[in-house]
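Working through the structure, step by step
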2 protein chains.
Amino acid sequence: MKKSDMETYRKTALKYFDKAGIVLTDAEKKAIEVTDYDLDAFEDIGLFLLTYFNTGRSSARELVLLPGQACPEHYHPPFEDDTGSNPGKEETFRCRYGSVYLYVDGEPTPDPACRPPDLLPEHFQVAHEVELLPGAQYTINPGTKHWFRAGPEGAIVSEFSTRIKDEADVFTDPALTRFATLDED
Amino acid sequence: MKKSDMETYRKTALKYFDKAGIVLTDAEKKAIEVTDYDLDAFEDIGLFLLTYFNTGRSSARELVLLPGQACPEHYHPPFEDDTGSNPGKEETFRCRYGSVYLYVDGEPTPDPACRPPDLLPEHFQVAHEVELLPGAQYTINPGTKHWFRAGPEGAIVSEFSTRIKDEADVFTDPALTRFATLDED
């Protein structure tokens, strides 16, 4: 992604925070992460992340998705850290604005609200659907494969979790990276 | 506190959630806890709590305070649970609406924004002030004594934490209880 595109998208994310009534500091506004997983198709497969804090024990962030935007399938594996063995990140999603459809390991839902994006359907395999409208929440245990896609209004989702260690995330497509390259204009 | 008073206060809390744009389910609206710590002075010393979830590893809730309302001094001690030794609850407060003044162990702030409530000042001893306006946050480590009081508009504060175990909380006044008695009308 080009640096100038990232700045433009970041301004779009701020509009979602405004709609949801979520107040950010100026430093946070500048720290919103914009990732396209190096797939160069941000509006189809991509995510905004704003991490509020991440201690060794707990963390919280907000996720923003554009209408129909999808986060590719991945899970959170166990890892070692300075406190010993960590069973992996446990995260709870709570929808604050719009709608998001979460797909997790389990019995496939017969008539799901979303399909995987046409681009790269191999990134999206698990098919048990959880609908998250504002006020609804769902806890994803470590090791559970999941992906999610926003409904037509986009979405803001609060993520409450144990320690974040995004660099440990295991994507279904091993070529994919959470930390996208930023190109100069 | 009388049951009818609790119901009235709960309706007041809902107005704060509306102002902050926080969407709750109908079940959550009915589950808002109203505690006066059995001090019978709820508008001075009391707290609304809505716990979203509490697993063995992470939890999140919203706190609501009326204008000038204070939560009495306490800390979160270590405890044993089914996973072994827990060093105690680590919690991060993030102000969403209004203002809250947090007082923690440390160098007393010379000209603090709040004083302890006139009632029972012995419940409020630590005096290092942290001002939390919307978007500001602060992490309280286990074992750190703290109390807090809302500014003139009241406050909504998100609490992101490790496992909640309120029954383990140690109050500066040992007679005080987090789980207030509810009297029939």
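Summary of the structure given here. (Residues numbered from 1 in each chain as written. Chains lettered and ligands numbered in written order. Predicted model: local features only at pLDDT ≥ 70, side-chain atom pairs only at ≥ 80, totals over all residues. Heavy atoms only, no water.)

In this structure, T51(A) sits in strand β2 (residues 47-54). A polar side-chain atom of T51(A) sits 3.1 Å from a polar atom in the side chain of R61(A). (Helix = DSSP H or I, 4+ residues; strand = E, 2+ residues; numbered from the N terminus. Polar contact = N/O pair within 3.5 Å; in protein donor to acceptor, adjacent residues only side chain to side chain.)

Note on interface size: it is often stated as the accessible area lost on association of the parts. Taken together, the contact between chain A and chain B spans 30 residues of the former and 30 residues of the latter. Summed over both sides, the interface between chain A and chain B buries roughly 2200 Å², with carbon and sulfur atoms accounting for 47% of that surface. Together, R57(A), R96(A) and F160(A) form the three largest contributors to the area buried by chain A at its contact with chain B, with a combined 28%. Here chain A and chain B share four salt bridges between them. Across the pair E62(A) and R96(B) runs a salt bridge, and its minimum N-O distance is 3.3 Å. At the boundary of chain A and chain B, one finds 18 residue pairs in polar contact (both at pLDDT 80 or more). Of all the secondary-structure elements, those providing two or more residues to the side of chain A that touches chain B are β2, β3 (59-65), β7 (91-104), β9 (137-140) and β10 (146-161) of chain A. For the side of chain A that touches chain B, the residue count by class is eleven nonpolar, twelve polar and seven charged. (Contact = heavy atoms within 4.5 Å. Buried area = accessible area lost by both parts, 1.4 Å probe. Salt bridge = Lys/Arg side-chain N within 4 Å of Asp/Glu carboxyl O. Nonpolar A, V, L, I, M, F, W, Y, C, P; charged D, E, K, R; others polar.)

All right, on to the pattern of salt bridges then. What the rule picks out here adds up to 26 salt bridges over all chains. A salt bridge links E91(A) to K89(A); its shortest N-O distance comes to 2.7 Å. Measuring nitrogen to oxygen at the nearest pair gives 2.9 Å for the salt bridge that ties R163(B) to D81(B). Remark: D81(B) occurs in strand β5 (residues 79-81) and R163(B) occurs in the loop between β10 (146-161) and β11 (170-171); sequence separation between them is 82 residues. For D81(B), a relative accessible area of 15% gives the class buried. (Buried < 20%, exposed > 50% of the residue type's maximum accessible area, 1.4 Å probe, protein only.)

This part takes up the environment of G68(B). Residues and elements named next belong to chain B. With respect to the helices and strands, G68 occurs in the loop between β3 (59-65) and β4 (70-75). As for G68 and A175, which are separated by 107 residues in sequence, their C-alpha atoms are 23 Å apart. Here G68 is in contact with D44, R149, A150 and G151, once residues within four sequence places are set aside.

Let us look at the relation of the copies chain A and chain B. Between chain A and chain B, the superposition needs a rotation of 180° and an axial shift of 0.0 Å, giving an RMSD of 0.0 Å. Given the turn and translation reported, the copies of this chain are related as if by a two-fold rotation axis. Closest to the rotation axis within chain A is the C-alpha of G21(A), separated from it by 2.8 Å. Taken together, the interface assignments show that 100% of the residues at the interface of chain A recur at the interface of chain B, consistent with an identical surface on both copies. (Least-squares fit on C-alpha atoms with pLDDT ≥ 70 in both.)

A positive phi angle, near 55°, is found at D40(A), a position not held by glycine. Along the chain, the position of D40(A) falls in the loop between β1 (33-35) and β2. Phi angles above zero are rare outside glycine, and Y37(B) is one such case at about 55°. With respect to the secondary-structure elements, Y37(B) resides in the loop between β1 (33-35) and β2 (47-54).

This part takes up the packing of aromatic side chains. Counted according to the given criterion, the structure contains 19 aromatic pairs over all chains. The interplanar angle of 90° and the centroid separation of 5.2 Å between the aromatic rings of F42(B) and F48(B) together place this pair among those described as edge-to-face. With a relative accessible area of 4%, F42(B) lands in the buried category. Classification of F48(B) by relative accessible area gives buried; the value is 1%. An aromatic cluster is present here, built from Y52(A), F53(A), F160(A), Y52(B), F53(B) and F160(B) joined pairwise through their rings. One cation-aromatic arrangement involves K165(B) over F79(B); the distance from NZ or CZ to the ring centre is 5.3 Å. (Phe/Tyr/Trp six-rings, centres within 6.5 Å; stacked < 30°, edge-to-face > 60°. Lys NZ or Arg CZ within 6 Å of the ring centre and 35° of its normal.)

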